[in-house]
Amino acid sequence: MPNFDAGHYFLTTLTPVRPGADENGVSHVQAIRVLLSNLPTALQSPATESYAQSIKDGVVDRKDAVEANSPFAKSLRTHLCRYVVIDDTIYNGRLGADPILVGAGKAPDPLSPQHVDHLPCPYLFFSADIDAILDAGDPLQSDLTPDEQNEVRDSYCRELWEIAGDTLSEIYSHCQGFENVEDADGFAAYIARCQIETWMPFNDYYIDYATELKDLKKLDLKKIGYIVGIPVVLTILSLALGLLD
C-alpha cells in the first residue's frame, strides 16, 4: 500500500517554486536554498546536545554554529524528514539503437536529435517518515484505510504548522499557490495537493518485531542442529572415503 507501511506514514511532496525574484531581487529558488541552509539540525541525541552545549559554553569555537533545535524535532511523531531543491531532471543519455536496424532504416538515426525531458520550473521536495497516529503516544496500527491515512497526514501537517508555522511560511512563500494559506487547515490542504505517492518506503522496524523475537526463542535448536549437521557429516564422510580410494 503506497504511503503507509507497518504503522508508519511516508509523506512525499513536490512543490513548484515561483519564477522570478522576491522583493530583495533574489530568485525564489535561491532564497529557498538560503532558508534551508540555515535550518538547524535536530538535537535529539546526547552527542548532538553536548556539542551544542559546548558551543554555548564557548568550549568549541564555532561562531557560525546554530544552537537551536530543528523545528521538526518538536513533533514527537517525526522519525526523519528532508528538504531538497530539484532544479531539473537528470539527463540519462541518448536512447541506444541496434546498428543493424539503423542501417535498415527501421530505427532512428543516432545522429538525429532526441527529446530531452525538462521540468517546467524548480521544485521543492519534502519527505517525512512519521508515526501513523493522530496524537503522540497513540499505539501504532498495522492497517489503516486510505481515509484514515489522509487523516494522519493532515493531522501531522496541522501540527507542523502549530509548532513551526513561521518557518514553514517563510519557506513556502517562495512556492507557487501558497498565497492563500493562512492557517493549519490551509497548510494541510496545500501539502495534500503537492503530495505524490510513496511506493518504495524504508522502514527501520515493524510493529510485530518484539513478537517475532519472542517466537525466535521458541525455535527447536536440537532439530536445527540435526538439519544442518547431518549433511555436513555426510559430506565429510564422502570426502574421506574418496581420499581412501
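Residues numbered from 1 in each chain as written. Predicted model: local features only at pLDDT ≥ 70, side-chain atom pairs only at ≥ 80, totals over all residues. Heavy atoms only, no water.

**Q** What is the right way to look at the overall build of the protein in this model?
**A** The number of helices and strands found in the protein is seven helices and four strands. Reading the helices (α) and strands (β) of the protein from amino to carboxyl end gives β-β-α-α-β-α-β-α-α-α-α. Put simply, the protein has 245 residues, and 31% of those count as buried. Restricting to contacts in the protein with at least 6 residues of sequence separation, those with at least 24 account for 75%. (Helix = DSSP H or I, 4+ residues; strand = E, 2+ residues; numbered from the N terminus. Buried < 20%, exposed > 50% of the residue type's maximum accessible area, 1.4 Å probe, protein only. Contact = heavy atoms within 4.5 Å.)

**Q** Honestly, the pairing of strand S4 (residues 123-131) in this entry has me stumped. Any pointers?
**A** Residues in a regular strand project their side chains so that they alternate between the two faces of the sheet. Counting buried residues in S4 gives eight out of nine residues, a clear majority hidden from the surface. Of the strand pairs in this sheet, strand S2 (residues 8-16) and S4 are connected by nine bridges, and their pairing is antiparallel. In the strand pairing of S4, Tyr9 is matched with Ile130. (Pairing = 2+ DSSP bridges.)

**Q** Is there a simple way to think about the pattern of salt bridges in this case?
**A** Opposite charge on two side chains permits them to pair, given that their charged atoms come into close proximity. All told, the structure shown has four salt bridges when counted by the stated rule. Among the ionic pairs, Glu159 bridges to Arg77, the shortest N-O distance being 3.3 Å. Note that Glu159 is positioned in helix H4 (residues 146-172) and Arg77 in the loop between helix H2 (46-57) and strand S3 (78-86), a separation of 82 residues in sequence. We classify Glu159 as partly exposed; its relative accessible area is 22%. Of the residues examined, Arg77 reaches a relative accessible area of 2% and is grouped as buried. Here Arg153 and Asp154 are joined by a salt bridge, their closest N and O atoms 3.0 Å apart. (Salt bridge = Lys/Arg side-chain N within 4 Å of Asp/Glu carboxyl O.)

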